[in-house]
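# A structural walkthrough
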Amino acid sequence: MIRGPWKTDIHSYEDARAGAQRYLPWMVFDYIDGAAGTGAGEARNLAALRSIQLSPRVLRNVSARDISTTVFDQHCQVPFGIAPMGMCNLSRPGADLMLAKIAAQHNVPVGASTVASTSLESMHKASDGNAWFQLYFSGDGSGTERLVQRAKDAGYKTLIVTLDVPEVGRRPRELRRGFKMPFKIGVPQFIDFALHPEWSIGSLIAGKPDMANFTEPGWEFDRTESRARADWGFLKRIRQMWDGNLVAKGVCHVGDGLKLRDAGVDAIQVSSHGGRQLDSGVPPIEALRDIRDAIGPDFPLFYDTGVRSGEDIVKAYVQGASFVFLGRGMQFACAAGGAATLAQYWDLLSQDVSITMAQLGCTTIEELKQLRMR
């Protein structure tokens, strides 16, 4: 049966995911929703997040609560930002700009991926300067260094170097669907698109989603290319080139965290790439706790992976996060109904954080962070 237009109200991550699943072709949904291997690594982290218990407190007068916080001296209206995600316009035409604009509205960071569907210059402009550029190592590194200079020229102040993809993880769901960029259209994909006419027509009108940072002559990128040659010397070169904030993303090992701090990065982002790289990897929410214990209370630690709700955001802060980023849920919200449902998801996350803080007897994000110290 052909599925037509659909109105979706967002009251949870699960609502956003269900709305996205109705709207998206199976190939695109499985690309966004998929994980490495059997999905056990993703499931293990979700279970670890769910197992964290929070102690409610009473009679604390939490009538005046403030969920704003600061990251790199930037005052953010909410305690979460948007993680870099590749090819977001696959979820809905214009999704990249929807994310950039809502980040600008709330003055929070939004990751502009190397493989974004919108150019890094356009993302920086649409976000009112709130975009952070996310960098992948590629080939021999020469093209990577060109991208660093391009980000500097565009006015970026923060660079995220993603380190946990020496090789692209095997994600059976997208492989079974024949997902490739650019699209290779065979009979299964043709049927898939025909059964999802709203997405297909919208994408046809908007133009084929592509890796927008590599559409000009001389700029090439293969998302499946090996990045195994990246080493500490590469990081040293990037540090020398980049005089803004430097974030090392994709870290789940205490030893790596300490070495990265000593190598001069300004922040570490604890992440397992949404469970998309190593099926047997440690739960990053547990790695966050361990790295915080080892690195001390003051060094900036960011967190993403498995964050679905306001309570999850609070748990990450209690485990030691300095700031929290969300990925898939934002794409699903865009897919489910565009900017309107993205705003719904954003608002419910903000409200959920505030309600959870009230239950814990906290009135500020700084008080949440102190819960781990007690």
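Higher on the page you've got the structure.
My aim in this report is to walk through the structure given alongside it, one point at a time.

Calculation rules
Residues numbered from 1 in each chain as written. Predicted model: local features only at pLDDT ≥ 70, side-chain atom pairs only at ≥ 80, totals over all residues. Heavy atoms only, no water. Helix = DSSP H or I, 4+ residues; strand = E, 2+ residues; numbered from the N terminus. Phe/Tyr/Trp six-rings, centres within 6.5 Å; stacked < 30°, edge-to-face > 60°. Buried < 20%, exposed > 50% of the residue type's maximum accessible area, 1.4 Å probe, protein only. Polar contact = N/O pair within 3.5 Å; in protein donor to acceptor, adjacent residues only side chain to side chain. Contact = heavy atoms within 4.5 Å. Pairing = 2+ DSSP bridges. Right-handed = clockwise from strand over helix to strand, strands pointing away. 1 Å grid on protein atoms, 1.4 Å probe; cavity = no way out; pocket = protein on both sides within 12 Å on 5 of 7 lines; lining within 4 Å. Points joined across faces, edges and corners; volume = space filled by probe spheres on them. Arc of directions from axis to C-beta.

## Regarding the environment of Trp26
- Within the secondary structure, Trp26 sits in helix α2 (residues 26-33).
- C-alpha separation for the pair Trp26 and Lys125, spaced 99 residues apart in sequence, amounts to 32 Å.

## Concerning the packing of aromatic side chains
- Tallied over the full model, the rule gives 13 aromatic pairs.
- Taking 5.7 Å as the distance between ring centres and 25° as the angle between the ring planes, the aromatic pair formed by Phe29 and Phe332 counts as stacked. Taken as a pair, Phe29 in helix α2 and Phe332 in helix α14 (residues 328-337) lie far apart in primary sequence, 303 residues in all.
- Assessed through its relative accessible area of 3%, Phe29 is described here as buried.
- Judged by relative accessible area, which is 0%, Phe332 ranks as buried.
- Aromatic side chains Tyr31 and Phe179 sit 4.2 Å apart centroid to centroid with 5° between the ring planes, which places their arrangement in the stacked category. Here Tyr31, found in helix α2, pairs with Phe179, found in the loop between α7 (172-176) and α8 (187-194); they are 148 residues apart in sequence, far enough to count as distant. By the burial criterion, Tyr31 is buried, and Phe179 matches it.

## A look at the side chain of Ser322
- Position of Ser322 among the secondary structure elements: in the loop between α13 (310-319) and β10 (323-326).
- Taking the relative accessible area as the measure of exposure, Ser322 reaches 14% and is therefore buried.
- A distance of 3.1 Å separates the side chain of Ser322 from the side chain of Arg292, its partner in a polar contact.
- Those residues within four positions of Ser322 in sequence are excluded, and the remaining contacts are Arg292, Phe299, Pro300, Leu301, Phe302, Tyr317 and Lys369.

## Regarding the pairing of strand β5 (residues 131-135)
- In terms of burial, β5 is a largely internal element, five of the five residues being buried.
- Going residue by residue along β5, you find Ala131, Phe133 and Leu135 tucked away on one face and Trp132 and Gln134 tucked away on the opposite face as well.
- The pairing of strand β4 (residues 110-112) with β5 spans three bridges and is parallel. Counterpart to Ala112 in the pairing with β5 is Phe133.
- Between the parallel elements β4 and β5, the chain passes through helix α5 (residues 120-126) in a crossover that is right-handed.

## Remarks on empty space enclosed by the protein
- For the structure shown, the criterion picks out two cavities of 30 Å³ or more.
- Within this model, the largest cavity holds a volume of roughly 580 Å³.
- Taken together, 34 residues make up the lining of the largest cavity; nearest its centre are Pro84, Met85, Gly86, His273 and Arg276.
- When residues of the lining of the largest cavity are traced back to their parent elements, those giving at least two are α2, β10 and α14.
- If one sorts the elements of the lining of the largest cavity by residue count, α14 sits on top with three residues.

## Some points on helix α10 (residues 232-241)
- Residues of α10 that are buried: Phe234, Leu235, Ile238 and Arg239. Taken down its axis, α10 places every buried residue within 140° of arc, on the same side. Turned more than 90 degrees away from the buried face of α10, the exposed residues are Lys236 and Gln240.
- Those residues of α10 that are buried lie in contact with β5, α6 (142-154), β6 (158-162), β7 (245-251) and α11 (254-262).
- Sitting at the amino-terminal end of α10 is Asp231, which places a side-chain oxygen 3.1 Å from the backbone nitrogen of Gly233.

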